[in-house]
Amino acid sequence: TGTAAFMGPRAAAPRARGGAFMAKETGATVDLTGKVAFVAGVADSSGYGWAIARALADAGATIILGTWPPVLGMFKASLSGGKLDGDMTLSDGSKMDIAKVYPLDAVFDTPEDVPESVANNKRYKGLAGFTIAEVAAAVEEDFGKIDILVHSLANGPEVTKPLLETSRQGYLAASSASAYSLVSMAQKFGPIMNEGGSILSLTYLASERVVPGYGGGMSSAKAQLESDTRTLAFEAGRKHGVRVNTISAGPLKSRAATAIGKGAGEQKSFIELAIDYSKVNSAMGQDLYAEDVGNTALFLSSPMARAVTGVTLYVDNGLHAMGMALDSVSMQQEAAPAAKR
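All figures in this text were calculated on a predicted structure; none of them were measured in a lab. (Residues numbered from 1 in each chain as written. Predicted model: local features only at pLDDT ≥ 70, side-chain atom pairs only at ≥ 80, totals over all residues. Heavy atoms only, no water.)

1. So, the overall build of the chain
Thinking step 1. Check the secondary structure of the chain and you find nine helices and nine strands.
Thinking step 2. Relative to its full complement of 341 residues, the chain shows a buried share of 47%.
Thinking step 3. Of all intrachain contacts in the chain linking residues separated by at least 6 positions in sequence, the fraction that spans at least 24 positions is 77%.
Thinking step 4. Surface exposure of the chain reaches about 16,900 Å², of which carbon and sulfur atoms provide 53%. (Helix = DSSP H or I, 4+ residues; strand = E, 2+ residues; numbered from the N terminus. Buried < 20%, exposed > 50% of the residue type's maximum accessible area, 1.4 Å probe, protein only. Contact = heavy atoms within 4.5 Å. Areas by Shrake-Rupley, 256 points an atom, 1.4 Å probe, with all protein chains shown as cover.)

2. Thoughts on helix α2 (residues 69-80)
Thinking step 1. With twelve residues, α2 extends 17 Å between its outermost C-alpha atoms, agreeing within 8% with the 16 Å of an ideal straight helix rising 1.5 Å per residue.
Thinking step 2. Looking at α2, one finds that the buried residues are P69, V71, L72, F75, S78 and L79. Down the axis of α2, the smallest arc covering the buried residues is 135 degrees, so these residues share one side. In α2, those exposed residues whose orientation departs by more than 90 degrees from the buried face are M74 and S80.
Thinking step 3. Taken together, the buried residues of α2 touch α1 (48-58), β4 (62-67) and β5 (98-103).
Thinking step 4. Taken from the residues just after α2, G82 is the one with a positive phi, measuring 80 degrees. (Expected span 1.5 Å × (residues − 1). Arc of directions from axis to C-beta.)

3. Regarding the pairing of β5
Thinking step 1. Examined bridge by bridge, β4 and β5 share five bridges and lie parallel to one another. Bridge pairing in β5 places G66 opposite Y102.
Thinking step 2. The handedness of the β4 to β5 crossover, carried by α2, is right-handed. (Pairing = 2+ DSSP bridges. Right-handed = clockwise from strand over helix to strand, strands pointing away.)

4. Points about the packing of helix α4 (residues 132-143) against helix α5 (residues 168-189)
Thinking step 1. Interaxial distance between α4 and α5 falls to 9 Å at its minimum, and their mutual angle equals 35 degrees. The two elements α4 and α5 cross, and the hand of that crossing is right-handed. Contacts between α4 and α5 involve I132, A133, V135, A136 and V139 from the first element and S181, S184, M185, K188 and F189 from the second.
Thinking step 2. Considering only residue class, the contact of α4 with α5 consists of seven nonpolar, two polar and one charged. (Axes fitted to C-alpha atoms, helices over the stretch in contact; angles between N-to-C directions. Left-handed = near helix turned anticlockwise from the far one by under 90°. Nonpolar A, V, L, I, M, F, W, Y, C, P; charged D, E, K, R; others polar.)

5. Some remarks on the nonpolar core
Thinking step 1. Residues W50, L56, L65 and I247 are the most contacted members of the largest nonpolar core, which totals 41 residues.
Thinking step 2. Of the residues forming this core, the biggest block, eight residues, is contributed by α1.
Thinking step 3. The contacts of I247, once residues within four sequence positions are left out, are L200, S201, L202, T203, V293, T296, A297, L300, L313 and V315.
Thinking step 4. Membership of the second largest hydrophobic core comes to 28 residues, among which are A106, I146, F189 and L232. (Core = buried A, V, L, I, M, F, W, Y, C linked by side-chain atoms within 4.5 Å.)

6. Focus on a nonpolar patch on the surface
Thinking step 1. A contiguous nonpolar patch, built from M322, M324, L326 and M331 and spanning about 350 Å² of accessible area, is present on the exposed surface.
Thinking step 2. Take L326: it is sitting in the segment after β9 (312-315).
Thinking step 3. Looking at L326, the relative accessible area reads 45%, which means it is partly exposed. (Patch = residues over 30% accessible without salt bridge, like charges linked within 9 Å, V, L, I, M, F, W, Y side chains within 5 Å. Salt bridge = Lys/Arg side-chain N within 4 Å of Asp/Glu carboxyl O.)

7. With respect to the packing of aromatic side chains
Thinking step 1. All told, the structure shown has seven aromatic pairs when counted by the stated rule.
Thinking step 2. Here F38 and Y102 contribute two aromatic rings whose centre-to-centre distance is 6.3 Å and whose plane-to-plane angle is 65 degrees, an arrangement assigned as edge-to-face. Taken together, the residues span a long stretch of sequence, with F38 in strand β3 (residues 36-40) and Y102 in strand β5 at a distance of 64 residues. Like Y102, F38 is buried.
Thinking step 3. Where F38 meets F189, the ring centres are 5.1 Å apart and the plane angle is 20 degrees; that geometry is what we call stacked. Here the residue F38 occupies a position in strand β3, and F189 occupies one in helix α5, the gap between them amounting to 151 residues. (Phe/Tyr/Trp six-rings, centres within 6.5 Å; stacked < 30°, edge-to-face > 60°.)

Encoded structure:
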């Protein structure tokens, strides 16, 4: 699932005492001061993961990130070089603080799972401790227990292929990176989460509807993710006292989503088509911003949602509820002939 860069300056949201985020419309206060949030899958400021991290930071949470090793150096350079400063401004004018960034490759559970070809790859050179178990252990050592775990991860190496042309290897790779990684993270991070905590992931409507162009087994992986969310809500809820939910987010133009390129002879990429279709055919008929997902994640991660778990929550301007494409040629009607006098 992709995201768009933040579009235009944010309207300043009111802040409550202690760095809490106060919803403008209701006056309800979300104060996450003292809470620690680990957001996995952030490598730039254009994605949903970043928007979620910023919303949580706006409410006072301590933010730590997990970044794919091959892009870790570039991301850290962007942070230290000030390239992302414009996207780090919180509603009170302060700058979002990122306490630590960990290398994380969520297709590996333990060091024993890492093949030599990866360990010796130049993109992983000098990096160690990037498996899920190792990162969980490092987070526990650095911060003790955490309160919020965000899974903003997805990858399908054959995403541009129709399902009928997807290989077994490509299909399983999509499931491993995009679905099982949530299960593994719940296994490894669950024991270091405080009771009442929140585990949150991101899914997409292709899990339950046909979305041409979203292939390579990714639609299947998202369906798995949603099913696992319900089962984990029960199992992790009873074992660790944490809630597990997923947000079905509409399409936005992130760096990752843009990687799903154009087909031969096509003028628009998959994500551009998906964005245009969603705006025209959704119930609200309006643009979707990364902050819309960030604010929803803030609610789901807060005590305000203490009884909400096992839910797939749609943040797509109501596109999921529509049964007909409003811009379809078949929906266009010719003007009735004038009545004869």
